[in-house]
Amino acid sequence: MAPSLLILTDFFLAANRALDYATNLAGPLGARLVLLHVRRDSILDPEMFTGELSNLNKEAVALALSSITSNLSVPVVAEVGHGRVAYAVADAVSRHHPTLVVLGRPNTEATPDELVSTTALDMLRTAPYPMLVVPHTMPTTKPPRRVLLAVDGEPFSLGQHAGAIRHLLAALHAEVTVLHVTEKSAAAESAAAALEMVQRTGLTTDLVSPVRTLSMTAPAPAEAILQVARPADYDLVVLIARPRSFLGELFHHSVTAQVLLHSAVPVLVLPAV
C-alpha cells in the first residue's frame, strides 16, 4: 500500500497552507493524501487549533472538499469526521496509517499560548503520532531538504514510526543537522554523543549527504532552537516529544510547545516511546 499523509482542514488560510505543503511532500514520497474535515458539535470549542470554527452545513462541507480535491495533482480521498478533533484524527489514523498528520498553524500573535496549543496537545495525548505543523506564513514551496533535528542529549526511540520517518528523510534527500543545546559548555564530545544517539535510531541510515552536527550553550533551549532554525538556513525543524512532556501539566512551557508555536519554519513533532 502506498504511504499517505493525513491533512486536517477547516478551510481557513492556515489549513490551505498545510495542504499545499503536504501536496509537495506527497510527490517524492509517492504518497496519497487523506483530507479530513472535522465537524464540531459546539461553537464554543477551546480545542480548535485555529481558534475559529468552520460553521458550514453538510452540503457546504461536501462542496468545499470536492472543490479542493478536484484541483490537486496527487491522489486524494476526503473524509468528514465528527466530535473532538483528537478522536476523529485517531480514528482516521487507525484506518489509514499515514506517515504524518499535517495541520496548519494560524496567526496566533494575539492568542495566549495555552489556548493555541490545546488541540496539538490533545492529539499527542489521545493518539501519539508524528505531527507536522505548518505556519500560516509558509508559502507554497518545494519539499523541505535542509532539516534541523534538535535533540536533548538523552537516548530515544520512535518505535513503529522509525521506519516511516527514515523513509521520509531519504525520499526528501534531506541534509540533516543534529542540534544539541546544553546549559554547559559546548564541546565536540557533546555533538558527537548527540549524533551517535540519533544514528542508533536508524533515522539517518539511508541518507546520501553526511549528517552535520551543531552544539550550543544556552540557558533556554527553545530560544536557541528558534534562533538557529531560520528560514534562510533550514526548511524544517524536527523535535522529539517525550511522554513526560505531553502527558504532564507543563506542556505549554515545554521546549516542544514553544518551538511548535513560534517557529518560522514547519515543525515535525516525533513522539518518543
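Everything below is about the structure shown above.
Residues numbered from 1 in each chain as written. Predicted model: local features only at pLDDT ≥ 70, side-chain atom pairs only at ≥ 80, totals over all residues. Heavy atoms only, no water.

(A) Quick peek at the pairing of strand 2 (residues 32–39). Among the eight residues that make up strand 2, six are buried, leaving the element largely enclosed by the rest of the structure. Bridging between strand 1 (residues 4–8) and strand 2 involves five bridges; their strand directions are parallel. For Leu5, the partnering residue across the bridge sits in strand 2 and is Leu33. As for the winding sense of the linkage, the β-α-β connection from strand 1 through helix 1 (residues 13–29) to strand 2 is right-handed. Summarising the sheet, strand 2 and strand 3 (residues 76–82) pair through seven bridges and their orientation is parallel. Looking at the pairing, His37 lines up with Val80 of strand 3. (Buried < 20%, exposed > 50% of the residue type's maximum accessible area, 1.4 Å probe, protein only. Helix = DSSP H or I, 4+ residues; strand = E, 2+ residues; numbered from the N terminus. Pairing = 2+ DSSP bridges. Right-handed = clockwise from strand over helix to strand, strands pointing away.)

(B) Spatial organisation of the packing of helix 8 (residues 221–228) against helix 10 (residues 255–262). Between helix 8 and helix 10, the least distance of the axes is 9 Å, while the angle of their chain directions is 35°. As for how helix 8 packs across helix 10, the hand of that crossing is right-handed. Listed contacts from helix 10 to Pro221, Ala222, Ile225 and Leu226 of helix 8 are Val255, Gln258, Val259 and His262. (Axes fitted to C-alpha atoms, helices over the stretch in contact; angles between N-to-C directions. Left-handed = near helix turned anticlockwise from the far one by under 90°. Contact = heavy atoms within 4.5 Å.)

(C) Representation of helix 8. For helix 8, the set of buried residues is Ala222, Ala224, Ile225 and Val228. The buried residues of helix 8 occupy an angular sector of 160° when projected down its axis, which confines them to one face. Among the exposed residues of helix 8, those pointing more than 90 degrees away from its buried face are Glu223 and Gln227. Buried residues along helix 8 sit in contact with strand 6 (146–151), strand 7 (175–182), strand 8 (212–217), strand 9 (236–241) and helix 10. (Arc of directions from axis to C-beta.)

(D) Examining the sheet that holds strand 2 more closely. The 10 strands are arranged 3-2-1-4-5-10-9-6-7-8 in an open sheet whose pairing can be described as mixed. The sheet terminates laterally at strand 3 and strand 8, the two strands that pair on one side only. Recorded for the sheet is a direction-independent mean angle of 25° between the axes of neighbouring strands. Relative to strand 9, strand 6 runs parallel, the two sharing four bridges. Within strand 9, the residue paired with Val147 across the bridge is Leu236. With respect to the sheet, helix 3 (residues 85–96) is in contact with strand 1, strand 2, strand 3 and strand 4 (100–105), its orientation differing from that of strand 2 by roughly 150°.

(E) Geometry of the pattern of salt bridges. Under the definition given, this model contains eight salt bridges. The partner of Arg242 in a salt bridge is Asp152, with the nearest N and O atoms 2.8 Å apart. Residue Arg242 is found in the loop between strand 9 and helix 9 (243–246), and its partner Asp152 is found in the loop between strand 6 and helix 6 (162–171); the two are separated by 90 residues along the sequence. What makes Arg242 buried here is its relative accessible area of 12%. For Asp206, the salt bridge goes to Arg166, with nearest N and O atoms at 3.5 Å. With Asp206 in the loop between helix 7 (188–201) and strand 8 and Arg166 in helix 6, the pair connects residues that are 40 residues apart, well separated along the chain. Salt bridges here are not isolated pairs; linked through shared partners, they connect Glu79, Asp91 and Arg95. (Salt bridge = Lys/Arg side-chain N within 4 Å of Asp/Glu carboxyl O.)

(F) Inspection of unusual backbone geometry at higher detail. In the Ramachandran plot, Phe11 falls in the positive-phi region, its phi being about 75° despite a non-glycine side chain. Secondary-structure assignment places Phe11 in the loop between strand 1 and helix 1. Given a relative accessible area of 18%, Phe11 falls into the buried group.

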